[in-house]
Amino acid sequence: MSAVICTEGLTKYYGKTLGVADLNLEVKKGEVFGYLGPNGAGKTTTIRTLLDFIHPTRGRATIFGLDTHRDGVKIKKQVGYLPGELELYKNIKGGEFLRHFAYLRGGVDWKYVQELAERLDFDMSKPIRSLSSGNKHKAGLIQALMHKPELLILDEPTVGLDPLMQQEFYRIANEAKKQGQTLFISSHILPEVERICDRVGFIRRGKLIKVEEVLDLKEHAFRQIEIHFANPVSKEEFENLSVVKDVRVEDSVLRFTVAGPLDAVVKTAAKFEVINIISHEPNLEDIFLTYYGGDENAAS
Amino acid sequence: MLLRNIFLKNLRDRRKALFWWSFGLVLYSLFMCAFYPTIQKSAVELEAYMENMPEAIVAAFGGADNNIASPEGYLNVEYFSMMLPLMFIIYAIGFGSGAIAGEEEAGTLDLLLANPIPRWRVLLEKFLAMVGGMAILSFMTWLGLAVGIYAYDMDIGLGQLAAATFSSALLSFSFGVIALAISCLTGKRGMSMGITTALVAGTYLLYVLAQVAEPLEKYQKLSPFYWYMTANPLANGLKLGDMTFFIGTIGIFLIIALFAFQRRDLAV
Ligand SMILES: Nc1ncnc2c1ncn2[C@@H]1O[C@H](COP(=O)(O)OP(=O)(O)O)[C@@H](O)[C@H]1O
Ligand SMILES: [Mg+2]
């Protein structure tokens, strides 16, 4: 079975500005691939090239083994797309917009559209002009999903969704995966990618730095943790733990960085009276610097 | 259902504007005819007045062979030489420059083209919507004039009226397609509108000045207005030869639009 998405040396310059460089990417059938990178990394550029909205400066891409430029129309029959900067027709109702797109796709199962609308709590009778950005987003998601495509390409799909809807989106993504759909999801939020993806590609300044299984990622994932105790503690007790780094103590507050399973830390902390545990997710820059700092030069 | 395809959706988007344009054109056409009896009465003075006009101005109003006392001459001078094409041109340029670039600037084009529809097809459907819009406006103009000539007893054939209206629409539509091509090349609606409007003004001036300035005469055939003004379909009907310039222009710029849109990187 060939890859669902495959890029070979895909490069895009906007004049002199780099979009992406020498991208070699493979997304396998049935997997959820997270495309992780900070703002301006080249995620949208990659996605818009895959959809043939912009043309590569060099290299090529295939989807389902078909050339994205030559066979774009054939590919799009089986692709659902959610743009990063979603704009909808303002002069029609949500339902009319979905109907229009259903027609343009040559018809879809309307019951499924209604089901999606219900799950996302989307009111189809409201004019798009009057919708909040979260509600517009729902319309965008529904149109991406409504023809049950083999491949979903979603550009930062949870941006602008409230936490409840984010959860609903994660569920929908999971179901899509269970039904055998392939998902390509761009994001700048690591926990989100860890949560829903099987593999992650890290992109920064137009370069794909590393592709990794999420399971491996979790193994050496690190977090900053803060434990508030009832009484002052000494740091020696914790410094000896192999997963712990950068231990600092201020009175009864312990701060450290942990990479790997938390078990030993929790058991040690349990000897004392714990008031609160706070975990900070690392930001992307920190991850890039800590783990992939060696590729820094290649990326700039 | 008006959301069945891109062609109908584009007409639907403009249905309110189309309604008011139609309303205005019917009324205006009627009014034009309503003034004819008054003009006819003072025809002698008007003829004298026109004779004393500079040549260029006479040319701008459709040439010296228009007898303003005759129904054809009157409508040519007062309506078909200036006002009607002007209104049609405004409509056509607005439609043409916005058809693709409007969606691109609004940011909806990505989503539209994520559907399994080739770009050329999207463009052709929008082009056909332009044709549809112009056809509706032309018909309404013709209708207003037809009622007018009946009510005010003007002796013009309905076929000739149709020919003259069609000829006006064809001239204007050419500029609309030029605007479409420029917007497909640049993705910029305002720029396309500006350039095309300048082109209208420039070619109009070329036609008028060529009437009086010898050295310009050999270039006048480059102006769409030359072909439009010299045909006089209200008197003669419309012949294929009068239309070839416009059909050629429309064809060439449609092809440019298709190629440009097919190749270009779309703006976000
Ligand atoms: N249309 C464009 N013209 C010029 N530069 C662009 C354009 N689109 C993106 N870029 C540049 O390309 C780089 C990658 O952008 P983008 O793909 O949008 O990143 P991301 O989606 O990861 O935030 C950025 O430096 C951005 O400024
Ligand atoms: Mg982006």
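Above this text is the structure in question.
Residues numbered from 1 in each chain as written. Chains lettered and ligands numbered in written order. Predicted model: local features only at pLDDT ≥ 70, side-chain atom pairs only at ≥ 80, totals over all residues. Heavy atoms only, no water.

Draft legend 1. Spatial organisation of the overall build of chain A. Counting secondary structure elements, chain A contains 12 helices and 14 strands. When its C-alpha atoms are laid out on the principal axes, chain A stretches across 70 × 45 × 35 Å. Evaluated residue by residue, chain A yields a buried proportion of 51% over its 300 residues. Pairs at least 24 residues apart make up 69% of the contacts formed inside chain A by residues separated by at least 6 positions. Placing the 40 positive and 42 negative side-chain charges of chain A at their respective mean positions leaves the two points 7 Å apart. (Helix = DSSP H or I, 4+ residues; strand = E, 2+ residues; numbered from the N terminus. Buried < 20%, exposed > 50% of the residue type's maximum accessible area, 1.4 Å probe, protein only. Contact = heavy atoms within 4.5 Å. Lys, Arg positive; Asp, Glu negative; His and termini not counted. Charge placed at Lys NZ, Arg CZ, Asp CG, Glu CD.)

Draft legend 2. The site of ligand 1, seen in detail. Residue and element names in this part refer to chain A. Near ligand 1, the surroundings consist of Tyr-14, Leu-18, Gly-19, Pro-38, Asn-39, Gly-40, Ala-41, Gly-42, Lys-43, Thr-44 and Thr-45. The separation between an oxygen atom of ligand 1 and a polar main-chain atom of Gly-42 is 2.9 Å. For the shell around ligand 1, the elements supplying multiple residues, two or more each, are β2 (17-27) and α1 (43-50). At three residues, the largest contribution of residues to the shell around ligand 1 is made by α1. Of the residues in the shell around ligand 1, the class split is four nonpolar, six polar and one charged. (Near = heavy atom within 4 Å. Polar contact = N/O pair within 3.5 Å; in protein donor to acceptor, adjacent residues only side chain to side chain. Nonpolar A, V, L, I, M, F, W, Y, C, P; charged D, E, K, R; others polar.)

Draft legend 3. Inspection of the pairing of strand β4 (residues 58-63) of chain A at higher detail. All names here are of chain A. Relative to β4, strand β1 (residues 5-14) runs antiparallel, the two being bridged by five bridges. Bridge pairing in β4 places Ile-5 opposite Ile-63. Bridge count between β4 and strand β5 (residues 66-67): two bridges; the pairing is antiparallel. Paired with Thr-62 across the bridge in β5 is Asp-67. (Pairing = 2+ DSSP bridges.)

Draft legend 4. Quick look at the packing of helix α1 (residues 6-13) of chain B against helix α10 (residues 119-151) of chain B. Residue and element names in this part refer to chain B. It is at 8 Å that the axes of α1 and α10 come closest, and there the two elements cross at 45 degrees. Considered as vectors, α1 and α10 are oriented oblique to each other. By crossing handedness, the relation of α1 to α10 is classed as right-handed. Along its contact with α1, which presents Ile-6, Phe-7, Asn-10 and Leu-11, the element α10 presents Val-122, Glu-125, Lys-126, Leu-128, Ala-129, Gly-132 and Gly-133. When its residues are assigned to classes, the contact of α1 with α10 shows six nonpolar, three polar and two charged. (Axes fitted to C-alpha atoms, helices over the stretch in contact; angles between N-to-C directions. Parallel < 35°, antiparallel > 145°, perpendicular 65-115°, else oblique. Left-handed = near helix turned anticlockwise from the far one by under 90°.)

Draft legend 5. How the structure looks around the sheet that holds strand β3 (residues 32-36) of chain A. Residue and element names in this part refer to chain A. The strand order across the open sheet built from six strands is β6-β7-β8-β3-β9-β10, with neighbouring strands paired in mixed fashion. Strands with a single pairing partner mark the edges of an open sheet, and in this sheet they are β6 (79-82) and β10 (207-213). The mean inter-strand angle of the sheet, taken between neighbouring strand axes irrespective of direction, is 15 degrees. Note: β6 against strand β7 (residues 151-155), four bridges, orientation parallel. Each residue of the ladder has a partner; that of Gly-80, found in β7, is Leu-152. Of the strands in this sheet, β3, β6, β7, β8 (182-187) and β9 (199-204) are in contact with α1, which crosses β7 at around 145 degrees. Relative to β6, helix α5 (residues 133-145) is tilted by about 170 degrees, and along the sheet it contacts β6 and β7.

Draft legend 6. Spotlight on the pairing of strand β12 (residues 244-250) of chain A. Residues and elements named next belong to chain A. Taken together, the five bridges between β12 and strand β13 (residues 253-259) define a ladder with antiparallel strand orientation. Its bridge partner lying in β13, Arg-248 is registered against Arg-255. Hairpin connection, β12 to β13: the antiparallel pair is bridged by two residues, and Asp-251 has positive phi, about 55 degrees.

Draft legend 7. Up close: the packing of aromatic side chains. As enumerated under the stated definition, the model contains 24 aromatic pairs over all chains in all. Note on Phe229(A) and Phe272(A): the rings are 5.8 Å apart at their centroids and 75 degrees apart in plane angle, and the pair reads as edge-to-face. Of this pair, Phe229(A) sits in strand β11 (residues 222-229) while Phe272(A) sits in the loop between α10 (263-269) and β14 (274-280), and the two are 43 residues apart along the sequence. Look at Tyr204(B) and Phe225(B): their rings are 5.0 Å apart centre to centre, the planes differ by 80 degrees, and that puts the pair in the edge-to-face class. A residue pair is termed long-range when its members are at least 10 positions apart, and Tyr204(B) in helix α12 (residues 189-212) and Phe225(B) in helix α13 (residues 224-231) qualify at 21 residues. Just as Tyr204(B) is buried, Phe225(B) falls in that class too. Through a chain of ring-to-ring contacts, three or more aromatic side chains come together here, namely Phe229(A), Phe238(A), Phe256(A) and Phe272(A). When the ring centre of Trp110(A) is taken as reference, the NZ or CZ atom of Arg99(A) above it lies at 4.1 Å. A cation over an aromatic ring shows up here: Arg119(B) above the ring of Phe261(B), its NZ or CZ 5.8 Å from the ring centre. (Phe/Tyr/Trp six-rings, centres within 6.5 Å; stacked < 30°, edge-to-face > 60°. Lys NZ or Arg CZ within 6 Å of the ring centre and 35° of its normal.)

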